[in-house]
Amino acid sequence: MISSVLLSLALASGALAQSSIAQKIAALRDAPTQVDRLNILDQDSDFVFNFLTGKAATGAGGSAVGATVANFPVLVNNGLAMTVGFLGPCGMNTPHTHPRATEMLYVVNGTISSGMIEENGARFVFNTVNAGSAMVFPKGSIHFQQNEGCEPITFVAALNNEDPGVESIAQRYFGLPPDVVAASLGDLGVQEVAGIEAMIPDSFALGTQECLDRCGISRGTQPTTQREPRNANNALPGQSSSDWKATSTASYWHSSSTPNSYATSTHYTRNTQQTGALFGALAEDAQTVAAKGVSDSVAIALIVVVCVMGLGYLALAAFYFVSRRRRAAEKANRWYVRPEMSGRSLVPTSEERAEEKYDPAQ
C-alpha cells in the first residue's frame, strides 16, 4: 500500500516537473526580447546543467547525458546543445545521425575510432581520435564512435542546434514495415527481418569482437529497449494490437470487417512466398515461444515438414516392394528348362551321342 502511494506521488511529481518545463519553454519562445527571457529564467541556477545527475541514455557499452531545450530551457533561441558520453571498455555509440545539427566531438581521455558517411556518393571518413582531439560530423551524416581501449573513456559533443535530435540507424531502419526492409535487403524474408530486429541492442552497445577478445570481455545479453514502436502499418509478422506499445502517436485500429478484432499489418502478406519464410518461421526467439507458446506459423511449418517426410517414407516403401517383385520374377525366369531337355544330362554320355538323341546337328 505504502509503496503504491509513493509510486503514485513520484509519477505525479515527474508529470508536474515536465509540465513546468514545457510551460517555461513556451513562455521563453513567446518572449519578445532577451531581457524578457532573462526575467522568465529568474533563478541563477537556471543557467547551470549538471551532466553527472542528468537523465542518461544507457546501454551495455556506456551512457550519455544530453543537455537540449527539452531539459534545459535556457537553450531556447541560443542554437546550442551538448552531450557528455561515457563509453566503457570496448563500448560503442552505434551508428546514428543528428537530423538538425552538426556535431563536434572532443575526446577527454583514451582513444576512440570514429567514422562517418555524409550522403550517397560520399566516401567513408574514418579517424582514430586521441585524447585532446576532436572530430566534426556534419548535420545528417551517419557516424559512430568506439572506445578502442580496455578502460572507460569520456567524450564531450557540442551541437549547433538546441534540439539536435538523434536517429539510431539500426533501430529505425528495422522499424520500417518488415516486407519493405526484406525487399531492400534482397528479399531476405520477413521472419528473418523480425529475428534480426529483436536482436538489435540499444544505442550504447558493446563494440567489435576484436576489441572484446583483446580485453577479455564477453558480449553476453544486451538490452533492446529502443526498438521502434509498432502499429498496424509496421507490425511484425504475427503481431496484433496487444503486442504494440501505446505511444502518443500510435493508436489501436479496429478492423472494418470484424468490429471486435484489431487490424494487423498488410506489409507481410508475401511471407509464404519469400525465400526462407518456411524455415524462418522456426526461428522465432525463445522468449516469444516461452511467453506465448508455439505460434501458428511454427505449427504450420512443422506440419508441412512432417507431411513431406511421411510422403518420402511412403515413396521409399513403394520403391522397395516394386524392386522386390521385379527381382523375384527375374529369379523365376533364370531357372526355366526347355521341355525337350527335361531328364537329360547337361553333358551327353557316349551312348546318347552314339544314338544321336542329344540335339543332333540339323
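What counts as what
Residues numbered from 1 in each chain as written. Predicted model: local features only at pLDDT ≥ 70, side-chain atom pairs only at ≥ 80, totals over all residues. Heavy atoms only, no water. Helix = DSSP H or I, 4+ residues; strand = E, 2+ residues; numbered from the N terminus. Buried < 20%, exposed > 50% of the residue type's maximum accessible area, 1.4 Å probe, protein only. Contact = heavy atoms within 4.5 Å. Areas by Shrake-Rupley, 256 points an atom, 1.4 Å probe, with all protein chains shown as cover. pLDDT = per-residue confidence, 0-100. Pairing = 2+ DSSP bridges. Axes fitted to C-alpha atoms, helices over the stretch in contact; angles between N-to-C directions.

**Remarks on the overall build of the protein**
Along the protein, the regular secondary structure elements total 10 helices and 12 strands. Counting every position in the protein, which comprises 362 residues, the buried fraction comes to 30%. Across the protein, contacts joining residues at least 24 apart in sequence account for 65% of those joining residues at least 6 apart. Summed over its atoms, the accessible surface of the protein is roughly 22,600 Å², and 60% of this surface lies on carbon and sulfur atoms.

**Structural notes on unusual backbone geometry**
You will see that Asn-77, though not glycine, has its phi angle at about 70°, which is positive. Position of Asn-77 relative to the elements: it lies in the loop between strand S2 (62-67) and strand S3 (81-87). Given the relative accessible area of 46%, Asn-77 is considered partly exposed. Even without being glycine, Asp-187 reaches a positive phi, approximately 60°. Its location among the elements puts Asp-187 in the loop between helix H4 (178-184) and helix H5 (190-199). We classify Asp-187 as partly exposed; its relative accessible area is 29%.

**Quick word on the confidence of the model for the protein**
Confidence in the prediction of the protein, expressed as mean pLDDT, is 80, and 70% of residues score 70 or more. Ignoring residues within four places in sequence, the model shows residues 246-292, a span with pLDDT below 50, making 78 contacts including any to other chains.

**Side note on the sheet that holds S3**
Read from one edge to the other, the open sheet built from 6 strands follows the order S1-S2-S3-S10-S5-S8, with strand pairing classed as antiparallel. What marks the edges here is a single partner per strand, and that holds for strand S1 (56-59) and strand S8 (134-137). The sheet shows a mean angle of 20° between the axes of neighbouring strands, direction not considered. In terms of strand pairing, strand S5 (residues 103-107) meets S8 through 4 bridges, oriented antiparallel.

**Digging into the environment of Ala-22**
Mapped onto the secondary structure, Ala-22 falls in helix H1 (residues 2-30). In this structure the C-alpha to C-alpha distance between Ala-22 and Pro-73, which are 51 residues apart in sequence, comes to 8.5 Å.

**Considering the pairing of strand S6 (residues 111-117)**
With 5 of 7 residues buried, S6 lies mostly within the body of the structure. Inspection of the sheet shows S6 paired to strand S7 (residues 125-130) by 6 bridges, in the antiparallel sense. Along S7, the bridge assignment pairs Ser-114 with Asn-127. Pairing analysis gives 6 bridges linking S6 to strand S9 (residues 142-147), with the strands arranged antiparallel. Pairing of Ile-112 across the sheet is with Asn-147, part of S9.

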